[in-house]
Amino acid sequence: MEWDGDLAECPVRDVIDRVGDKWSVLLLLELSAGSRRFMVLRRALPDISQRMLTKSLRQLERDGLVSRTVYPTKPPSVEYALTPLGGSLFDTLGNLVRWADSHHGEIRRARAEFDRREGDSAAA
């Protein structure tokens, strides 16, 4: 693909900016199993801060990948779900997830080997 326009408007960069961060991908993966309430998502990703979870969900909602439904309970409960657009992206992300799962061991070994070589050259 060749992009002749303004790089700030490049569709690939625009989409990768969103799905390239780990929280968005992990949230999409979690929501691929069905709608989730905020605290369920928070428990599923214990290392995300509440602020970052809120920010990530709002960005995904803004991009049309996630829907947010508020139920009139006391206190109000909020549920998030993949939209059809988000589901279509998840089909593609699923391939990435399977690739990562299949090759993670190789990547970790390559990193360890690189770090070993770099450590050897730094000590010399």
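Residues numbered from 1 in each chain as written. Predicted model: local features only at pLDDT ≥ 70, side-chain atom pairs only at ≥ 80, totals over all residues. Heavy atoms only, no water.

As recorded in an unreviewed UniProt entry, the chain goes by the name HxlR family transcriptional regulator, listed as coming from Thalassobaculum fulvum.

Caption draft 1: Spatial organisation of the overall build of the chain. If you tally the helices and strands in the chain, you get 5 helices and 3 strands. Expected size for 124 residues packed as a compact globule is a radius of gyration near 14 Å; at 19 Å, the chain overshoots this value by more than 25%. The principal-axis extent of the C-alpha atoms belonging to the chain is close to 65 × 40 × 25 Å. In the chain, which comprises 124 residues, the proportion classed as buried is 23%. Nonlocal contacts in the chain, meaning residues at least 24 apart in sequence, comprise 42% of its contacts between residues at least 6 apart. For the chain, the exposed surface amounts to about 8,900 Å²; the carbon and sulfur share of it is 54%. Counting 19 positive and 19 negative side-chain charges, the chain places the centres of these two groups 10 Å from one another. (Helix = DSSP H or I, 4+ residues; strand = E, 2+ residues; numbered from the N terminus. Rg over C-alpha atoms; globule rule 2.2 N^0.38 Å. Buried < 20%, exposed > 50% of the residue type's maximum accessible area, 1.4 Å probe, protein only. Contact = heavy atoms within 4.5 Å. Areas by Shrake-Rupley, 256 points an atom, 1.4 Å probe, with all protein chains shown as cover. Lys, Arg positive; Asp, Glu negative; His and termini not counted. Charge placed at Lys NZ, Arg CZ, Asp CG, Glu CD.)

Caption draft 2: Inspection of the side chain of Ser77 at higher detail. Summarising the element assignment, Ser77 is placed in strand β3 (residues 77-82). Accessibility expressed as a relative area gives 12% for Ser77, which makes it buried. Setting aside residues no more than four positions away along its own chain, Ser77 makes contact with Arg37, Thr69, Val70 and Tyr71.

Caption draft 3: Main features of the layout of surface pockets. For the largest pocket, the calculated volume is near 180 Å³. If you trace the largest pocket, you find it lined by Lys22, Val25, Leu26, Leu29, Leu96, Val97 and Ala100. Secondary-structure elements contributing two or more residues to the lining of the largest pocket are α2 (22-31) and α5 (84-123). The element contributing the most residues to the lining of the largest pocket is α2, with 4 residues. For the lining of the largest pocket, the class distribution of residues is 6 nonpolar, no polar and 1 charged. (1 Å grid on protein atoms, 1.4 Å probe; cavity = no way out; pocket = protein on both sides within 12 Å on 5 of 7 lines; lining within 4 Å. Points joined across faces, edges and corners; volume = space filled by probe spheres on them. Nonpolar A, V, L, I, M, F, W, Y, C, P; charged D, E, K, R; others polar.)

Caption draft 4: Inspection of the pattern of salt bridges at higher detail. Inspection of every chain in the model, using the stated rule, returns 3 salt bridges. Note that Arg36 is salt-bridged to Glu30, the shortest N-O span being 3.2 Å. A network of salt bridges, in which partner residues are shared, links Glu113, Arg116 and Arg117. (Salt bridge = Lys/Arg side-chain N within 4 Å of Asp/Glu carboxyl O.)

Caption draft 5: Here's a closer look at the confidence of the model for the chain. On average, residues of the chain carry a pLDDT of 88, and 90% of them reach 70 or more. The secondary structure element of the chain with the lowest average pLDDT is helix α1 (residues 11-19), at 78, and the one with the highest is strand β1 (residues 36-37), at 96. (pLDDT = per-residue confidence, 0-100.)

Caption draft 6: Main features of helix α4 (residues 50-62). Across its 13 residues, α4 extends 18 Å between first and last C-alpha, which sits within 8% of the 18 Å expected from 1.5 Å per residue. For α4, the complete set of buried residues consists of Leu53, Ser56, Leu57 and Leu60. For α4, the buried positions fall inside an angular range of 95° around the axis, keeping them on one side. Looking at α4, the residues exposed on the side facing more than 90 degrees away from the buried face are Arg51, Arg58 and Arg62. Looking at the buried positions of α4, the neighbouring elements they touch are α1, α2, α3 (38-44), β2 (66-71) and β3. (Expected span 1.5 Å × (residues − 1). Arc of directions from axis to C-beta.)

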